[in-house]
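Examination of the molecular architecture
Here's the letter readout for the chains.
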Amino acid sequence: MDESGGSGRPRPDDTETAEHQPNHTTPPSTPTDPVAPEPTEPAPPPATNASDGETTEPTPQEPRPEPAGQEPAPRPEAPEPTTEPEPETRPTTPAAASATPEPEPETPATRHDPKPDLEKPAPRPDTAPEPAAHTHRTLAHTEPGAPAHPHGTEPPAGLGKAQPPKRQREPGGGILMGRPFGVPVYVAPSWFLVAALITWVFGGQLDRVLPELGGARYLVSLFFAVVFYASVLIHELAHTVAALRFKLPVRRIQLQFFGGVSEIEKEAETPGREFWLAFVGPLLSLALAGVFYAAMQTVEPGTVPGVLLAGLMISNLIVAAFNLLPGLPLDGGRMLRAVVWKITGKPMSGTVAAAWVGRALAVAVLIGLPLLTQSGLLGSDAVDNVGMDTVMDALLAAILAAIIWTGAGNSLRVARLREHLPELRARTLTRRAVPVQSDTPLSEALRRANAAGARALVVVDPDGHPVSLVREAAIVGVPEHRRPWVAVSGLAQDLTDGMRVSAELAGEDLLDTLRATPATEYLVVEDTGEIYGVLSAADVERAFVKAMARPS
């Protein structure tokens, strides 16, 4: 067991799981050695009177003076009196160990890693991976950035942090507006900025079309901004309903500056599902444009309802057309990915193709959008597109291009992560563990762990059932001279249902399980309920980073 407060070294890659036997649990043994709170010379035996055979008590020995210039050796403090019997201990220093009887043989501990050096702390990684929440993000307009891990994965919360398990927090992201289909919908603070921008721009257009409105045109413009983002929300709900139909969990929907994001926590299992999952959003935007066009036929043109319906129709057509562009992270890019995936049979090939098309699309937007606005092809005279309007068009193009380029790059990184995730297997990352009773002194528990080559301690009840795990960080905080007096129960964290993980977990399933119950150690059990070992969250982090650094 590593005493650094960080994590032990990850298990060597060449260690095979076949070396494990079906039963890895070692029955806890009760220490039988006499109490040895401190290494001292044995007291002289009682003196026997040769004449009458009576036994007399030995006279106390005078304390020996310490050598000059040498400070007295520190002695452990006396334990506080308690009503319970004092736990038996065994010294951990070499001198004391040599003065005690030979330890009784013990059965091997769970897991069969190489024997660690308990006195050398293993280095803790400086940075934790960004497991994210395993989210797959779909766009209404654009995606403001692909997630750090598979489709928005976030590191398992609590990896490498000593904190008690707690209930997983609900994802935030702004103001909660509701829960359609059980999925929380948030409005990000950036939405208010874009709403103000739309109100200002559309208000200027209304001033040219309906000058009689006066200052009321901004109220009409604000209404347009709200209805337009309601259309974006319907676009995202189409993705959400399709995902739920395919039994893919949806974490949240967020409305933000450039549109909306549906965070779907799992990837579609087939290219056909991936295609339809991406296509339903633009399809519904086209349907909304048709609805607004039909409604526009029932009102007089040049009126407030007519202008609003025309603006909403055009806006939804733009949303649909923009998202159908064949480049990640847009919906059209995911459709292209699904097609290449279907042809090649490799999801990674589809991601690479769609990501590079997305990068080319970003360059085209950066250069082409200002040229189109200056040429008058977007509905205004070329002579008017100078000065401030040109600067605004160039700024908008730069923002869109940056978002698309970044999203395409993140999609590539996410795909590489998904490719290596199966390498994270609980069975290969689990540490050997030694079961101990709750009243076992820490020094004795560490001695047993050293003898068995184990790196973790599991506290069990008298029936051998695990009840808690001894925390590495807590062991480091106990000075060595105090360890014979400290019971492992005072350093242990009680086991909860979420801290028991199956030895068969791997990949995303393993990370999802760790994120659900943040902790520093987890008890790994076989399907039969037998203890397999202890999984350190920091070991998972280290393996995660190593997998990401390996080329595809």
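This section reports on the structure supplied with the text. (Residues numbered from 1 in each chain as written. Predicted model: local features only at pLDDT ≥ 70, side-chain atom pairs only at ≥ 80, totals over all residues. Heavy atoms only, no water.)

1. Some words on the packing of helix H6 (residues 331–344) against helix H7 (residues 347–375)
The cut-off we apply is this: Interaxial angle, 0 to 180 degrees, is taken between N-to-C directions of lines fitted to C-alpha atoms, where a helix line uses only the stretch in contact. By definition, any uninterrupted DSSP run of H or I lasting at least four residues is a helix, any uninterrupted run of E lasting at least two residues is a strand, and each is numbered from the N terminus. It is the rotation of the near helix from the far one that decides the hand of a crossing: anticlockwise by less than a right angle makes it left-handed, clockwise makes it right-handed. We call two residues in contact whenever any of their non-hydrogen atoms come within 4.5 Å of each other. Nonpolar residues are Ala, Val, Leu, Ile, Met, Phe, Trp, Tyr, Cys and Pro. Charged residues are Asp, Glu, Lys and Arg, and all others, Gly as well, are polar.
Two elements in contact, H6 and H7, have axes separated by 7 Å at closest approach and are oriented at 140°. In this structure, the crossing between H6 and H7 has a hand that is right-handed. Between H6, through Gly-333, Leu-336, Arg-337, Val-340, Trp-341 and Thr-344, and H7, the contact on the second element is made entirely by Pro-347, Ser-349, Gly-350, Thr-351, Ala-353, Ala-354 and Val-357. Looking at the contact of H6 with H7 residue by residue, the classes come out as seven nonpolar, five polar and one charged.

2. Thoughts on the sheet that holds strand S12 (residues 500–502)
Where we set the bar: A strand pair is defined by DSSP finding two or more bridges across the two strands.
Taken together, three strands build an open sheet; the order of strands is S12-S13-S14 and the sheet is mixed. Two strands lie at the open edges of the sheet, namely S12 and strand S14 (531–536), each paired on one side alone. Between one strand and the next, the sheet's axes are offset by a mean angle of 35°, whatever the strand orientation. Here five bridges tie strand S13 (residues 521–525) to S14, and the two strands are oriented antiparallel to one another. Across the sheet, the residue bridging to Val-524 is Gly-533, located in S14. Along the sheet, helix H13 (residues 537–549) contacts S13 and S14; its crossing angle with S14, the most-contacted strand, is approximately 65°.

3. Observations regarding the nonpolar core
Filter applied, for reference: Side-chain atoms within 4.5 Å link the members of a nonpolar core, which is a set of buried Ala, Val, Leu, Ile, Met, Phe, Trp, Tyr and Cys residues. Residue exposure (1.4 Å probe, protein chains only): buried if accessible area is under 20% of the type maximum, exposed if over 50%, otherwise partly exposed.
By size, the foremost hydrophobic cluster in this structure holds 32 residues, and its most contacted members are Val-458, Tyr-522 and Leu-535. If you list the elements that add at least two residues to this core, you get helix H9 (426–429), strand S9 (457–460), helix H12 (507–516), S13, S14 and H13. Looking at which element gives the most residues to this core, the answer is H13, with five residues. What Val-458 contacts, discounting residues up to four positions off in sequence, is Ala-433, Val-434, Pro-435, Val-436, Pro-466, Ser-468, Leu-469, Leu-523, Ile-531 and Val-534. One finds Val-194, Leu-206, Ala-225 and Tyr-229 within the second-largest nonpolar core, a separate group that totals 24 residues.

4. What to know about the packing of aromatic side chains
Geometrically, a pair of aromatic rings is defined through the distance of the ring centres and the angle of the planes. Rules: Pairs were defined over the aromatic rings of Phe, Tyr and Trp, the Trp ring being its six-membered one, requiring ring centres within 6.5 Å. Orientation was assigned from the angle between planes: stacked under 30 degrees, edge-to-face over 60, tilted for the rest.
Enumeration according to the criterion identifies eight aromatic pairs in this entry. Seen in terms of ring centroids, Phe-228 and Tyr-229 are 5.5 Å apart; in terms of plane orientation they differ by 90°. Their pairing is edge-to-face. Its relative accessible area of 3% is what places Tyr-229 among the buried residues. Ring plane angle 65° and centroid distance 5.8 Å describe the contact between Trp-276 and Phe-279, whose orientation is recorded as edge-to-face. Separated by three residues within a single helix, Trp-276 and Phe-279 lie in helix H4 (residues 271–296), roughly one turn from each other. Taking relative accessible area as the criterion, Trp-276 reaches 48% and is therefore assigned partly exposed. The rings of Trp-191, Phe-192, Phe-202, Phe-224, Phe-228 and Tyr-229 are connected pair by pair, giving a single aromatic cluster.

Just distances and angles here, no functional claims.
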